[in-house]
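Working through the structure, step by step
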Amino acid sequence: MLRSKAFSLLKPIPLMSGQSNLAYKLTHPAIASHGLHCHGRIANYRQRCKTCPCNAGRRTISAAQAKVMAETELPGILILDIGGTHGVLEHLAALLKKHFHLITMKEFLEHKKEMSKKIQSVFVFEGRPTIDRELLESLPNLKVIGNSGVGVDHLDVKMISEFGVKVTNTPHAVADSTADIGMALMLASARRLVEGCQVAVSPDTKCFAVDWLGVEVTRATLGIIGMGSIGYKVAQRARAFDMRILYHNRHQRSQEEEEAVGAHYCEKMEDLLQQADFVMLIVNLTPETHKLIGKKELGLMKPTATLINISRGAVIDQDALVEALSNKVIRAAALDVTYPEPLPRDHPLLKLNNIIITPHIGTATVQAIRMMAEEAIANMLAVINGQPIPSEVCPK
């Protein structure tokens, strides 16, 4: 597929040693205009300091003072923290600092009166900080909430819009990495890689069993539920395995798009479930998709089928999944997402041997994390500068 409109705004940058060539630098007009605007204002300020008669004989400003003044020229952005367990990764914070004056939640709460008027945007990383009515009421100049990631089920978009605040996400930055994890989970489950690794490294292993068998992905039938940009990229990858590809979506793709990956549309999800050897869930979490897969749907699947979830945990009725896996209603499951995350340590899903669970790492790559931050920056600066927004999330 062609890169989206948002990514047409990006161009390669010189790389540091060991850095992948998938890193990008933003050249969105919002960033360019903001940078020029700030540079002009700072230059004018410094010129006034040099030429104004009242400054004759006075000391020039220090580098530290210049830095402080430069920061005040940048729009304020609220983040939870830098580093630590839940804070923004340090290299992403450095990227944000090029375009914003960073304000942590701790700094905001300690100097609320002073900071509240400076904040024009909030950067939500890994679902934090929490955006509630109290926070919105305390930020009179807030214009945009930039979410790093495509899912916004942790944001009350309708409530936020009532404050005149825009919400943006980063759908274009996550497609490849999430599609990759979907394929990885399918292959790992099919060939029982996690179990196999445990056997291979166990101190109790004396020999390898000859009946250790998995199933093949090649030429199997893949059913994709949710054929958006991620789902389509999964189909592109699956075609290389000569898979038969079925998909269910709210809207059917064009004939040209279907033929490009050899996909066949199933108007009814039930038809897909009955035929697929692997069912992959790639939908947004909405009231309509909450517990989309339950006891009935699991019962329609083949007893040799595998369920893969790379969307949101609550898309599956987990109690029904435990029952289906325990009673061999389906062969296996592979989940990158659960509800909650992480699961309680005594959750029955953790006791099953026909399931793989990974810690929501669909977008956890060096390249994807940076690209999400860059796309979020483009979105936020576009809003602040009154320009077209590459990826806006509108209330439904």
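These notes cover the structure that comes with them. (Residues numbered from 1 in each chain as written. Predicted model: local features only at pLDDT ≥ 70, side-chain atom pairs only at ≥ 80, totals over all residues. Heavy atoms only, no water.)

**Details of the pattern of salt bridges**
- This model, assessed by the stated rule, comprises 12 salt bridges.
- The residue Glu162 makes a salt bridge to Arg133 at a minimum N-O spacing of 3.8 Å. Pair noted here: Glu162 is in helix H7 (residues 157-162) and Arg133 is in helix H6 (residues 133-137), with a separation of 29 residues, a long-range link.
- For Glu162, a relative accessible area of 53% puts it in the exposed group.
- Between Arg192 and Glu195 there is a salt bridge whose closest N-O contact spans 3.2 Å.
- On the basis of relative accessibility, which here comes to 22%, the residue Arg192 falls in the partly exposed class.
- A residue is classified by how much of its surface remains accessible, and Glu195, at 24% relative accessible area, is partly exposed.
- Each member of the salt-bridge network shares a partner with another, and the members are Asp176, Asp180, Lys233 and Arg237. (Salt bridge = Lys/Arg side-chain N within 4 Å of Asp/Glu carboxyl O. Helix = DSSP H or I, 4+ residues; strand = E, 2+ residues; numbered from the N terminus. Buried < 20%, exposed > 50% of the residue type's maximum accessible area, 1.4 Å probe, protein only.)

**A word on the sheet that holds strand S9 (residues 244-248)**
- Taken in spatial order, the 7 strands of this open sheet run S10-S9-S8-S11-S12-S13-S14, and their pairing is parallel. Strands at the two margins of the open sheet, each flanked by one partner only, are strand S10 (263-265) and strand S14 (355-357). Averaged over all neighbouring strand pairs, the angle between strand axes comes to 20°, with direction disregarded.
- Where strand S11 (residues 278-281) lies against strand S12 (residues 306-309), 4 bridges are found, and the strand directions are parallel. Its bridge partner lying in S12, Val279 is registered against Leu307. (Pairing = 2+ DSSP bridges. Axes fitted to C-alpha atoms, helices over the stretch in contact; angles between N-to-C directions.)

**Overview of unusual backbone geometry**
- In this structure, Pro340 follows Tyr339 across a cis peptide bond, with omega equal to -5°.
- Relative to the helices and strands, Pro340 resides in the loop between strand S13 (332-335) and S14.
- Its identity is not glycine, yet Glu126 carries a phi of approximately 55°, on the positive side.
- Within the secondary structure, Glu126 is located in the loop between strand S5 (119-125) and H6.
- Glu126 sits in the exposed class, given a relative accessible area of 51%.
- Located in the positive-phi region is His360, a residue other than glycine, with phi close to 50°.

**Some details on the environment of Asn385**
- Among the structural elements, Asn385 can be located in the loop between helix H15 (366-384) and strand S15 (392-393).
- In this structure the side chain of Asn385 is engaged in a polar contact, spanning 2.8 Å, whose partner is the backbone oxygen of Leu381. (Polar contact = N/O pair within 3.5 Å; in protein donor to acceptor, adjacent residues only side chain to side chain.)

**Considering the packing of helix H3 (residues 90-97) against H15**
- As a packed pair, H3 and H15 sit with axes 10 Å apart at the nearest point and diverge in direction by 25°. When the axes of H3 and H15 are compared, the pair comes out roughly parallel. Crossing handedness for the pair H3 and H15: right-handed. Residues His91, Leu92, Leu95 and Leu96 of H3 form the contact with H15, whose participating residues are Ile369, Arg370, Ala373, Glu374, Ile377 and Met380. (Parallel < 35°, antiparallel > 145°, perpendicular 65-115°, else oblique. Left-handed = near helix turned anticlockwise from the far one by under 90°. Contact = heavy atoms within 4.5 Å.)

**Comments concerning the environment of Phe108**
- Its location among the elements puts Phe108 in helix H4 (residues 105-110).
- Linking Phe108 and Ile79, residues 29 residues apart in sequence, is a C-alpha distance of 9.5 Å.
- Once residues within four sequence positions are removed from consideration, Phe108 is found in contact with Leu78, Ile103, Met115, Ser116, Ile119, Leu135, Ser138 and Leu139.

**Here's the deal with the packing of aromatic side chains**
- Taken as a whole, this structure holds 2 aromatic pairs when the rule is applied.
- Judged by centre distance (6.3 Å) and plane angle (25°), the rings of Phe123 and Phe125 are stacked.
- Overall, the relative accessible area of 5% leaves Phe125 in the buried class.
- Both rings, one in Tyr247 and one in Tyr265, keep their centres 5.2 Å apart while their planes meet at 50°; by these two values the pair is tilted. (Phe/Tyr/Trp six-rings, centres within 6.5 Å; stacked < 30°, edge-to-face > 60°.)

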